[in-house]
Amino acid sequence: MTQSAVGKLGTFPMFAALPTSDLEEITGMLCTRRYPRGAFIASRGEPCTAFYLLTAGRVKQTIASPDGKELVLGHFDAPAHFGETSLIDRQPHMADVVAITDAEVLTLDARDLERAIRFQPRLAVSLIAALSHRLRETIERLENLTFHDAAHRVIRVMLNMATARNDMTGMPVISGFTHYDIATLAGTSRETASRVISSLTRDGVVTVRGRTILVDLERMRGEIAAR
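Here the structure is a predicted model, which is why all the values come from computation and not from measurement. (Residues numbered from 1 in each chain as written. Predicted model: local features only at pLDDT ≥ 70, side-chain atom pairs only at ≥ 80, totals over all residues. Heavy atoms only, no water.)

A. Structural context of the overall build of the chain. Along the backbone of the chain there are 10 helices and 11 strands. The globule rule puts the C-alpha radius of gyration for 227 residues at 17 Å, and the 19 Å found for the chain is close to it. Its C-alpha atoms give the chain principal-axis dimensions of roughly 55 × 40 × 30 Å. Per-residue burial over the chain gives 42% buried out of 227 residues. Here the contacts in the chain between residues at least 6 apart in sequence split such that 69% fall between residues at least 24 apart. (Helix = DSSP H or I, 4+ residues; strand = E, 2+ residues; numbered from the N terminus. Rg over C-alpha atoms; globule rule 2.2 N^0.38 Å. Buried < 20%, exposed > 50% of the residue type's maximum accessible area, 1.4 Å probe, protein only. Contact = heavy atoms within 4.5 Å.)

In structure tokens, the structure reads:
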């Protein structure tokens, strides 16, 4: 692995605090894989043999029904990681992971991940924290699907997306997501999502510029509170 790979690994919060010597040792265990848009990075039901570190691009975690309906569990923008759940419980992948854009992934073999945790135990704590965060997100989503109407769910999804981007970049924007993408995360139709976004635009809560939506976080939180 090159020095650039060490730098890429250091962009992940779970690795950021490690000394350079540890990063260099871990990068020696990694393989680089590149996927074109639309490619399956992982497939539901297949054995999980690696931990995935997304270093470039965007992917979605999704489940498809036999009749072609899609349930999108989440989107990941680089830097992000996935596959840890199946590695820990030794079960097959729970969902498909599909590249939305061209994507680059570093993979860490399951045995090498165990070896990395042995010489750097704090990685185990980081994995537990990541799993806890995703469990909380899942519970929140189930709550929204069960107790709130479609408009509320669309607004909540948009607020979460804009808040996450604001935390990362300082800009409360939703970029590169279609109305269909937002609708699938909210568990509703594209038409409903479009109506909600149009209403928010008329009210000045969001500003749409091409495929980028600028969100007024304070007013969006007010929309949630009012419902």
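Here the narrative resumes.
B. Structural detail: the pairing of strand β8 (residues 103-109). Counted residue by residue, β8 has six buried out of seven residues, so it is predominantly covered. Across six bridges, the pairing between strand β1 (residues 30-35) and β8 is antiparallel. Paired with Leu30 across the bridge in β8 is Leu108. (Pairing = 2+ DSSP bridges.)

C. Structural context of the layout of surface pockets. Here the second largest pocket is characterised by a volume of approximately 210 Å³. Along the walls of the second largest pocket sit Arg37, Gly38, Arg58, Lys60, Ala99, Ile100, Thr101, Gly176, Thr178, Asp181 and Arg211, which together make up its complete lining. Residue composition of the lining of the second largest pocket, by class: two nonpolar, four polar and five charged. (1 Å grid on protein atoms, 1.4 Å probe; cavity = no way out; pocket = protein on both sides within 12 Å on 5 of 7 lines; lining within 4 Å. Points joined across faces, edges and corners; volume = space filled by probe spheres on them. Nonpolar A, V, L, I, M, F, W, Y, C, P; charged D, E, K, R; others polar.)

D. Local environment of the sheet that holds strand β5 (residues 70-77). Spatial ordering of the open sheet is given by β2-β7-β4-β5, a layout of four strands whose pairing is antiparallel. Strand pairing shows two members of the sheet lacking a second neighbour, β2 (40-42) and β5, which therefore form its edges. Sheet twist, expressed as the mean angle between neighbouring strand axes with direction ignored, is 30 degrees. Across four bridges, strand β4 (residues 58-64) lies against strand β7 (residues 96-99) in antiparallel orientation. Across the sheet, residue Thr62 finds its bridge partner in β7, namely Asp96. (Axes fitted to C-alpha atoms, helices over the stretch in contact; angles between N-to-C directions.)

E. Summary view of the sheet that holds strand β3 (residues 50-56). Judged by pairing direction, the sheet is antiparallel, and its four strands sit side by side in the order β1-β8-β3-β6 without closing on themselves. What marks the edges here is a single partner per strand, and that holds for β1 and β6 (80-82). The mean inter-strand angle of the sheet, taken between neighbouring strand axes irrespective of direction, is 25 degrees. In the packing of helix α5 (residues 110-119) onto the sheet, the strands contacted are β3 and β8, and the crossing angle to β8 comes to about 70 degrees.

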